[in-house]
Amino acid sequence: MDSSERLARLQHLLAGLPGPYGNEHLWTFIRFAGSENPFTDVFAFPIDCGVIDSASLFGNPRQAPQSVDELAACLAEVNQDMALAVLVELTTRTLAYRAQGRYPVDKAQDVFKKLITLLGHGTRWWTNTDLGSWKPVTRHTMDALVVGTGGGVLVAVLAADED
């Protein structure tokens, strides 16, 4: 399968994911992989979602990354199993109150196993959370970002929630 077909299938697979989620939202970013450094392409994603402020609020220092390097420092490379666990968790439970999220567990596992298969062998994964703690990538109280790149495609899923 070429990267154009892979991209179209991924867009279809994740089409129902973005939208309201707890007190905030879930967003997806699906593009052709554009550079050697996936964080260059992903950095604009939270900005486009409106979850990063360019100035501090009420005199408090900015928590969200303000550059590609700052974003990269918030993300750790993880194996496929950890990426799957984070994706399932952030779509089945809200971050703030652990209420029902977008998908039931069985649907989330099905969707994200298909995502992993479509991206293919050798996909690299990064996230800002180990499901116990996280490094903030947005201005929100809680957030989770998962980035995967494989088969010429870059995918990112971002959840932000408030308590």
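Preceding block: the structure.
Residues numbered from 1 in each chain as written. Predicted model: local features only at pLDDT ≥ 70, side-chain atom pairs only at ≥ 80, totals over all residues. Heavy atoms only, no water.

1. Things to note about helix α1 (residues 3-13)
The test is simple: Partly exposed describes any residue whose relative accessible area lies between the buried limit of under 20% and the exposed limit of over 50%, with all areas from a 1.4 Å probe on protein chains only and scaled to the type maximum. Each helix is a run of DSSP H or I of at least 4 residues and each strand a run of E of at least 2, with the numbering of both proceeding from the N terminus. Note that the arc is defined by the directions from the helix axis to the C-beta atoms. For this analysis, residues touch if any pair of their heavy atoms sits within 4.5 Å.
Regarding α1, the residues found buried are Arg 6, Leu 7, Leu 10 and Leu 13. For α1, the angular spread of the buried residues around the axis is 130°, confining them to a single face. Looking at the buried side of α1, the elements it contacts are β2 (24-32), α5 (105-119), β5 (142-150) and β6 (153-161).

2. As for the packing of helix α4 (residues 80-92) against α5
We apply this condition: Lines fitted to C-alpha atoms define the axes, with helix axes restricted to the stretch in contact, and inter-axis angles between N-to-C directions lie between 0 and 180 degrees. Throughout this description, any angle smaller than 35 degrees is read as roughly parallel, any larger than 145 degrees as roughly antiparallel, any in the 65 to 115 degree range as roughly perpendicular, and the remainder as oblique. Here is the rule for handedness: rotate from the far helix to the near one, and if that takes an anticlockwise turn smaller than a right angle the crossing is left-handed, while a clockwise turn gives right-handed. By the convention adopted, Pro, Cys, Tyr, Trp, Phe, Met, Ile, Leu, Val and Ala count as nonpolar, Lys, Arg, Asp and Glu as charged, and the other residues, Gly among them, as polar.
Two elements in contact, α4 and α5, have axes whose closest approach is 9 Å; the angle formed by their N-to-C orientations is 140°. Looking at the two axes, α4 sits oblique to α5. Where α4 crosses over α5, the handedness of that crossing is right-handed. Along the contact surface, α4 presents Gln 80, Leu 84, Leu 87, Val 88, Thr 91 and Thr 92, while α5 presents Val 105, Ala 108, Gln 109, Phe 112, Lys 113, Leu 115 and Ile 116. A breakdown of the residues in the contact of α4 with α5 according to their chemical character gives eight nonpolar, four polar and one charged.

3. Looking at the environment of Ala 15
Counting through the fold element by element, Ala 15 comes out in the loop between α1 and β1 (19-21). Accessibility expressed as a relative area gives 55% for Ala 15, which makes it exposed. Separated by 90 residues in the primary sequence, Ala 15 and Val 105 have C-alpha atoms spaced 18 Å apart.

4. Looking at the packing of aromatic side chains
Test applied: Each pair of aromatic rings taken from Phe, Tyr and Trp, with Trp reduced to its six-membered ring, is defined by centres within 6.5 Å and is described as stacked if the planes are under 30 degrees apart, edge-to-face if over 60, and tilted in the remaining cases.
As enumerated under the stated definition, the model contains two aromatic pairs in all. Taking 5.2 Å as the distance between ring centres and 75° as the angle between the ring planes, the aromatic pair formed by Phe 39 and Trp 126 counts as edge-to-face. Separated by 87 residues along the polypeptide, Phe 39 in helix α2 (residues 38-48) and Trp 126 in strand β4 (residues 124-127) bring together distant segments of the chain. A relative accessible area of 9% means that Phe 39 is categorised as buried. We classify Trp 126 as buried; its relative accessible area is 6%.

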